[in-house]
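# Results of the structural survey
Each chain, letter by letter, is given below.
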Amino acid sequence: MNAPGSMAARVAAYLAERRQAGYALRIEGYQLARFARFADAAGHRGPPTLELAIGWASASHAQRPLTAARRIEVLRGFAHYCRREEPATEIPSRFLFGRPHRRLAPHIYTDRELSQLIAAATRLHPAGGLRGTSCATIFGLIAASGLRISEATGLARTDVDLERGRLLVRQAKFGKSRWVPLHATTTLALRDYAARRDRDRFASGHAAFFLFDYGRPARTRAVQYAFTLLRRQLGWRARGGHAMPRIHDLRHTFICRRFEQWYREGLDVDRHVLALSTYVGHAKVTDTYWYATATPELLALAARRVEHARGGARP
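Quick look at the structure, then. Computed from a predicted model, the values in this text were never measured in an experiment.

### Describing the pairing of strand S3 (residues 178-181)
Sheet faces and side chains relate simply in a regular strand, where the side chains alternate between the two faces. Residues Arg178 and Val180 of S3 are buried on one face, while the alternating residues Trp179 and Pro181, pointing to the opposite face, are not. Pairing geometry for strand S2 (residues 166-169) and S3, over four bridges, is antiparallel. Looking at S3, one finds that Val169 is bridged to Arg178.

Shown next as structure tokens:
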């Protein structure tokens, strides 16, 4: 790097070097591009400074400390890169706005909320179009299998094996692929969707399994936008630590319900969690435990098991 004039040029050079080394940096790249626009719009010249970092980290719409902490985390790697050629670069301290990775309690959906979401999705504009049917099926699939939203929208028609009742998730997080067996009811719902999809005159020849109207693939961002509309329509309020219920909370709900089911059935959770971890595509079992949320139902089931193990004696 030869000290480029604009922050956008610095960011571009940094991302090019890191990606050449094998790092995707999708989210980081998006965030750094926003930082560069912020810096250049403010007329900043020269290397990154602490004042500039604080200004951008604090400028989010929500102005939440966690958002600011994560922005600082993104900036630190970039600042270290800039300092190699520009010693005047100021590197913000790691925990300037607190820890960037704090576990916020997810919104665990009730059965009623899931039914409301799927029913509302089928009524999305245009009436009778594939957009509503696709969104309803995607939400139901995530709730029933714990897929990530990108894994669901990334499914190809050939990845959905309706004869064997399974999905092939290709090159998911950490670059791993896996087969995901499905419950019979989930397979039936996908079979109904596939029949509706294949009848659409614009669907012929498209590789993507989930399509919107006029043969457009159901992209993740478009599905997230539809979810935001439905969430507002339904008037939901978050019960967790996030500002609003999220699609990703469907994945949390799936994992949490599995833990509850194991406790009800008296199964050994530690023996079954490895299979669940593989099923949802986690790299470590600890990641799956991290998803397990202490709902009142789960706490009550765990307490009953402990009491039973003690022979019914109360502490």
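Let's pick the thread back up.
### Notes on the sheet that holds S3
In space, the three strands of this open sheet follow the order S1-S2-S3, with antiparallel pairing throughout. Looking at the sheet topology across the chains shown, the edges are occupied by strand S1 (160-161) and S3. Where S1 meets S2, two bridges bridge the pair, whose relative direction is antiparallel. In the strand pairing of S2, Val160 is matched with Leu167.

### Thoughts on the environment of Phe202
As for its placement among the helices and strands, Phe202 is situated in the loop between helix H8 (184-199) and helix H9 (220-234). Along the primary structure Phe202 and Gly215 are separated by 13 residues, whereas in three dimensions their C-alpha atoms are 4.8 Å apart. Setting aside its immediate chain neighbours within four residues, Phe202 contacts Tyr214 and Gly215.

### Some details on H9
Given a rise of 1.5 Å per residue, 15 residues ought to cover 21 Å, and the 21 Å separating the end C-alpha atoms of H9 matches this to within 8%. On its buried face, H9 is in contact with helix H5 (111-121), helix H6 (130-145) and helix H7 (149-153). Two residues or fewer after H9 comes Gly235, characterised by a positive phi angle close to 70°.

### A few points about the side chain of Arg196
Along the chain, the position of Arg196 falls in helix H8. Lacking a salt bridge, the buried Arg196 has Asp200 as its closest oppositely charged neighbour, with an N-O distance of 4.1 Å. From its side chain, Arg196 meets the backbone oxygen of Gly128 in a polar contact 2.6 Å long.

### Let's talk about empty space enclosed by the protein
Enumeration according to the criterion identifies one cavity of 30 Å³ or more in this entry. As a volume, the largest cavity reaches approximately 40 Å³. Around the largest cavity sit Phe35, Pro48, Thr49, Ala53, Leu75, Phe78, Ala79, Glu90 and Pro92, which together line it. If one sorts the elements of the lining of the largest cavity by residue count, helix H4 (residues 65-83) sits on top with three residues. For the lining of the largest cavity, the residue count by class is seven nonpolar, one polar and one charged.

### Here we look at the nonpolar core
Core analysis: the largest hydrophobic core is formed by 51 residues, its most contacted members being Phe139, Leu141, Leu167, Leu190 and Phe210. Mapped onto this core, the elements with two or more residues apiece are H5, H6, H7, S2, H8, H9, helix H10 (248-265) and helix H11 (269-280). Per-element accounting of this core gives the leading share, seven residues, to H6. Excluding its chain neighbours within four sequence positions, the residues that come into contact with Leu167 are Leu141, Leu147, Leu155, Asp159, Val160, Arg178, Trp179, Val180, Leu182 and Leu190. Judged by nonpolar contacts, the second largest core, of 20 residues, contains Ala36, Ala39, Ala57 and Val74.

### Topic: the layout of surface pockets
Estimates place the volume of the second largest pocket at around 690 Å³. What lines the second largest pocket is a set of 23 residues, and nearest its centre among them are Gly140, Ala143, Ala144, Thr185 and Thr186. Sorting the residues of the lining of the second largest pocket by element identifies H5, H6, H8 and H10 as the ones contributing at least two each. For the lining of the second largest pocket, a count of residues per class yields 11 nonpolar, eight polar and four charged.

About the cut-offs
- Residues numbered from 1 in each chain as written.
- Predicted model: local features only at pLDDT ≥ 70, side-chain atom pairs only at ≥ 80, totals over all residues.
- Heavy atoms only, no water.
- Buried < 20%, exposed > 50% of the residue type's maximum accessible area, 1.4 Å probe, protein only.
- Helix = DSSP H or I, 4+ residues; strand = E, 2+ residues; numbered from the N terminus.
- Pairing = 2+ DSSP bridges.
- Contact = heavy atoms within 4.5 Å.
- Expected span 1.5 Å × (residues − 1).
- Lys, Arg positive; Asp, Glu negative; His and termini not counted.
- Salt bridge = Lys/Arg side-chain N within 4 Å of Asp/Glu carboxyl O.
- Polar contact = N/O pair within 3.5 Å; in protein donor to acceptor, adjacent residues only side chain to side chain.
- 1 Å grid on protein atoms, 1.4 Å probe; cavity = no way out; pocket = protein on both sides within 12 Å on 5 of 7 lines; lining within 4 Å.
- Points joined across faces, edges and corners; volume = space filled by probe spheres on them.
- Nonpolar A, V, L, I, M, F, W, Y, C, P; charged D, E, K, R; others polar.
- Core = buried A, V, L, I, M, F, W, Y, C linked by side-chain atoms within 4.5 Å.

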